[in-house]
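In case you want the letters, here they are:
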Amino acid sequence: MFYICYRGKKLYGPMSEEEALKEWFALAGTVKELYIIETDEATGKIKRQIGPSVRRKKK
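Not measured: the values here are computed from a predicted model.

Draft legend 1. Quick peek at the nonpolar core. Of all hydrophobic cores here, the largest spans eight residues; its members are F2, I4, M15, A20, W24, L34, I36 and I50. Those elements that provide at least two residues to this core are β1 (2-6), α1 (17-27) and β3 (34-39). If sequence neighbours within four positions are ignored, I36 has contacts with F2, Y3, I4, A20, L21, W24, R48, Q49 and I50.

Draft legend 2. Expanded view of the side chain of E38. Looking at the element boundaries, E38 is found in strand β3. Here R48 takes part through its side chain, which lies 2.6 Å from a polar atom of the side chain of E38. Among residues more than four places away in sequence, those in contact with E38 are M1, F2, K45, I46, K47 and R48.

Reading guide: rules and limits
- Residues numbered from 1 in each chain as written.
- Predicted model: local features only at pLDDT ≥ 70, side-chain atom pairs only at ≥ 80, totals over all residues.
- Heavy atoms only, no water.
- Core = buried A, V, L, I, M, F, W, Y, C linked by side-chain atoms within 4.5 Å.
- Buried < 20%, exposed > 50% of the residue type's maximum accessible area, 1.4 Å probe, protein only.
- Helix = DSSP H or I, 4+ residues; strand = E, 2+ residues; numbered from the N terminus.
- Contact = heavy atoms within 4.5 Å.
- Polar contact = N/O pair within 3.5 Å; in protein donor to acceptor, adjacent residues only side chain to side chain.

Okay, here's the thing in structure tokens:
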């Protein structure tokens, strides 16, 4: 199960990895801090995160 998230909240999902990547690329141009999480179907725990976790500020 894949979800599109923003600042720790699930915005969109559940969906397949391919669908999540397509939606993420479509939305990433308008919202900068989006990322995808993959959850374990049995436990609901996060397996991995795709996308930026923290953006660094420019000096």
